[in-house]
Amino acid sequence: MQQDTGAVDTAYRTLKEMAASFAFKPDERLNESAISVQLAISRTPLREALNRLTAEGFLTFRRGQGFHCRSLNPAEMMDLYEARAAIEGETARLAARRAEPGEITALETYLEQSKSRYTSGVSPIELVRLDEEFHRRIALMSGNAELVRLLDNAAARIQYIRVIDLQLLSERDGAPAITTEPHARILKAVADGDEKGAAREMRSHISRRLEEVTANVRLAFSRLYAP
């Protein structure tokens, strides 16, 4: 049983990363036999991992057709951005109420240390990683495990688009557009215990990229299907 559980977890993590980065093309049918061989896993734990990813929105299941990679469309991405803004607005508000002084100090140190990495020359993948770490720490400071879980799901499902978004932002607007200032404002509101201010700063920080979603999805398609 433990071996099966380990196999399921390993397959889940590997396939989640592949689905998040669209290693499978949007709406592509997954070949379970080929994946089973590729991951050296039997069909039963593989099917459990696929069902788990379907429940989390990374895959879809069509009766009589099997598992497919999720779609990539502006409406779904917009929904996820809006969901993330709502989730993180609440995590920031609760963090302002519940965060311990030591947690705030640790995040201030992290933000200061990561500031030098926010430049136009840094890989957008690295920038997304740095950004996600800050946001997850705020979520953990909220003390609400369910909100953290919801954030992890939404963040993973928009990660591919966010990488493209940050790359375009850097190319178009240069170094001044890549900054930790929004994070600093959020953290200050949290440190001040300003619940409304923390929620407002967080929602503003996330929502300001919404207008670029459609263009970013178009670019994502062009890259995924580039010869």
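Residues numbered from 1 in each chain as written. Predicted model: local features only at pLDDT ≥ 70, side-chain atom pairs only at ≥ 80, totals over all residues. Heavy atoms only, no water.

Mind showing me how you'd approach the overall build of the protein here?
When helices and strands are counted, the protein shows ten helices and two strands. Each helix and strand of the protein, ordered N terminal to C terminal, gives the series α-α-α-β-β-α-α-α-α-α-α-α. Compactness check: the protein gives a C-alpha radius of gyration of 19 Å against a globular reference of 17 Å for 227 residues, within 12% of the reference. In terms of principal-axis extent, the alpha carbons of the protein reach across some 55 × 45 × 30 Å. Evaluated residue by residue, the protein yields a buried proportion of 46% over its 227 residues. In the form shown here, the protein has an accessible surface area of approximately 11600 Å², with 51% of it arising from carbon and sulfur atoms. (Helix = DSSP H or I, 4+ residues; strand = E, 2+ residues; numbered from the N terminus. Rg over C-alpha atoms; globule rule 2.2 N^0.38 Å. Buried < 20%, exposed > 50% of the residue type's maximum accessible area, 1.4 Å probe, protein only. Areas by Shrake-Rupley, 256 points an atom, 1.4 Å probe, with all protein chains shown as cover.)

Got a minute to help me understand the packing of aromatic side chains in this structure?
Using the criterion set out here, one finds three aromatic pairs in the structure. For the pair Phe 22 and Tyr 160, a centre-to-centre distance of 5.6 Å together with 70 degrees between the ring planes defines the contact as edge-to-face. With a gap of 138 residues between them, Phe 22 in the loop between α1 (2-20) and α2 (32-39) and Tyr 160 in helix α7 (residues 145-173) connect regions that are remote in the sequence. Residues Phe 22 and Tyr 160 agree in their burial class; the two are buried. Looking at Arg 52, its charged tip hangs above the ring of Tyr 12, at a distance of 3.5 Å from the centre. Taking the ring centre of Tyr 110 as reference, the NZ or CZ of Arg 137 above it sits at 4.5 Å. (Phe/Tyr/Trp six-rings, centres within 6.5 Å; stacked < 30°, edge-to-face > 60°. Lys NZ or Arg CZ within 6 Å of the ring centre and 35° of its normal.)

Please clarify how helix α8 (residues 181-191) should be interpreted in this entry.
Because an α-helix completes one turn every 3.6 residues, residues spaced three or four positions apart along the sequence face the same direction. Within the span of α8, buried status applies to Pro 182, His 183, Ile 186, Leu 187, Ala 189 and Val 190. The buried residues of α8 occupy an angular sector of 160 degrees when the element is viewed end-on, so they sit on one face. Its buried side turned inward, α8 meets α4 (74-98), α5 (101-114), α6 (124-141) and α9 (195-207). Count one or two residues on from α8 and you reach Gly 193, which has phi positive near 75 degrees. (Arc of directions from axis to C-beta. Contact = heavy atoms within 4.5 Å.)

Would you explain the pattern of salt bridges in this entry?
Side-chain pairs of opposite charge can arise whenever the charged atoms involved come near each other. Under the criterion given, the structure shown has 20 salt bridges. A salt bridge links Arg 93 to Glu 195; the nearest nitrogen and oxygen atoms lie 2.9 Å apart. You can see Arg 93 sitting in helix α4 and its partner Glu 195 sitting in helix α9, a full 102 residues away along the chain. Relative accessible area serves as the criterion here: at 22%, Glu 195 is assigned to the partly exposed category. (Salt bridge = Lys/Arg side-chain N within 4 Å of Asp/Glu carboxyl O.)

How should I be thinking about the pairing of strand β1 (residues 59-62) in this particular structure?
In the case of a regular strand, side chains alternate between the two sheet surfaces. Bridge count for β1 against strand β2 (residues 66-69) is four bridges, and the pairing is antiparallel. In the sheet register, Phe 61 faces β2, and the bridge partner there is Phe 67. (Pairing = 2+ DSSP bridges.)

Even after reading the chapter, I still don't get the nonpolar core, so can you show me in this structure?
Where a protein is soluble and globular, its nonpolar side chains tend to be buried together. Among the nonpolar cores identified, the biggest contains 34 residues, and Leu 15, Leu 30, Leu 72, Met 77 and Ile 161 are the most heavily contacted of them. Listed by contribution, the elements that provide at least two residues to this core are α1, α3 (43-55), β2, α4, α7 and α10 (213-224). In this structure Ile 161 touches Leu 72, Met 77, Tyr 81, Asn 216, Val 217 and Ala 220, once residues within four positions along its chain are discounted. (Core = buried A, V, L, I, M, F, W, Y, C linked by side-chain atoms within 4.5 Å.)

What should I look at first to understand the environment of Asn 216 in this one?
Mapped onto the elements, Asn 216 comes out in helix α10. Linking Asn 216 and Met 202, residues 14 residues apart in sequence, is a C-alpha distance of 22 Å. With residues up to four places along the chain from it excluded, the contact list for Asn 216 reads Ile 161, Ile 164, Asp 165 and Leu 168.

How should the environment of Leu 150 be read in this particular structure?
As for its position among the elements, Leu 150 is in helix α7. Residue classification places Leu 150 among the partly exposed positions, given a relative accessible area of 37%. Residues Leu 150 and Arg 84, spaced 66 residues apart in sequence, show a C-alpha to C-alpha distance of 8.4 Å.

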